[in-house]
Amino acid sequence: GLLRGQVPESGPRGGLAGAIHGLGLLAATGMAVTGTVLFVKFPEAGAVPATARTAAEVHSAVANLVWAYWFGHVGMAVLHHLTGHDTLRRMFRLGRV
């Protein structure tokens, strides 16, 4: 359907949408874990421990993935809206549901 310009109906089901949501959840969890490590291990002054340096690098890389996920997620919602689905109205309960 995607090759013909059709998007699937929205709703709770697995497949590609479920996999993408799962990856987004993993990315957000990774940011939370590395952010916690940075909060605990990063010194206010002095030498930066290797664990904090590694956590900062991973945190930065995962942050880029989360931004890409967010923009892609918004883009797919807009695409669904433009193809005639009432996804945005149902998400934000605009008008009658």
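Fair warning: this is a prediction, and the values are worked out from it, not measured in the lab. (Residues numbered from 1 in each chain as written. Predicted model: local features only at pLDDT ≥ 70, side-chain atom pairs only at ≥ 80, totals over all residues. Heavy atoms only, no water.)

Now for the overall build of the protein. Helices and strands together make up the secondary structure of the protein, namely 3 helices and 0 strands. Counting every position in the protein, which comprises 97 residues, the buried fraction comes to 13%. Within the protein, contacts between residues at least 6 apart in sequence are counted, and of these 54% link residues at least 24 apart. Only carbon and sulfur atoms are counted for the fraction: they give 70% of the accessible area of the protein, which is about 7500 Å². (Helix = DSSP H or I, 4+ residues; strand = E, 2+ residues; numbered from the N terminus. Buried < 20%, exposed > 50% of the residue type's maximum accessible area, 1.4 Å probe, protein only. Contact = heavy atoms within 4.5 Å. Areas by Shrake-Rupley, 256 points an atom, 1.4 Å probe, with all protein chains shown as cover.)

A separate point is the packing of aromatic side chains. Overall, the coordinates contain 3 aromatic pairs when judged by the stated rule. Between W67 and W70, the ring centres sit 6.3 Å apart and the planes meet at 80°, which makes this aromatic pair edge-to-face. Of this pair, W67 and W70 both sit in helix α2 (residues 50-82), separated by 3 residues, roughly a single helical turn. Using a relative accessible area of 52% as the deciding quantity, one classes W67 as exposed. Taken together, a centroid distance of 5.1 Å and an interplanar angle of 80° make the contact between W70 and F71 edge-to-face. (Phe/Tyr/Trp six-rings, centres within 6.5 Å; stacked < 30°, edge-to-face > 60°.)

Before going further, it helps to spend a moment on helix α1 (residues 16-41). For α1, built from 26 residues, the straight-helix expectation of 38 Å at 1.5 Å per residue is met to within 8% by its first-to-last C-alpha distance of 37 Å. Buried within α1 we find G24, A27, T34 and L38. Against α2 lie the buried residues of α1. (Expected span 1.5 Å × (residues − 1).)

Attention now moves to the confidence of the model for the protein. Detailed reading of the predicted coordinates is not advisable wherever pLDDT falls low. In this model, the protein carries a mean pLDDT of 81, and residues with pLDDT of at least 70 account for 86%. Within the protein, the element-level pLDDT minimum falls on helix α3 (residues 87-92), averaging 75, and the maximum on α2, averaging 88. (pLDDT = per-residue confidence, 0-100.)

Contact pair α1 / α2: the axes reach a minimum separation of 8 Å and the direction vectors enclose 150°. Relative to α2, α1 is oriented roughly antiparallel. In this structure, α1 crosses over α2, and the sense of that crossing is left-handed. Contacts from I20, H21, G24, A27, A28, M31, T34, G35, V37, L38 and K41 in α1 reach T51, A52, A55, A56, V58, H59, V62, A63, V66, Y69 and H73 in α2. Each residue belonging to the contact of α1 with α2 can be placed in one class, and the counts come to 14 nonpolar, 7 polar and 1 charged. (Axes fitted to C-alpha atoms, helices over the stretch in contact; angles between N-to-C directions. Parallel < 35°, antiparallel > 145°, perpendicular 65-115°, else oblique. Left-handed = near helix turned anticlockwise from the far one by under 90°. Nonpolar A, V, L, I, M, F, W, Y, C, P; charged D, E, K, R; others polar.)

What follows is about α2. For α2, which comprises 33 residues, the first-to-last C-alpha distance of 48 Å matches the rise-based estimate of 48 Å (1.5 Å per residue) to within 8%. Three or more residues of α2 are buried, namely A52, A55, V62, A63, A77 and H80. In the segment just after α2, G84 is the residue with positive phi, at about 100°.

The next subject is the environment of L65. With respect to the element layout, L65 can be found in helix α2. With 38 residues separating them in the primary sequence, L65 and A27 have C-alpha atoms 7.1 Å apart.

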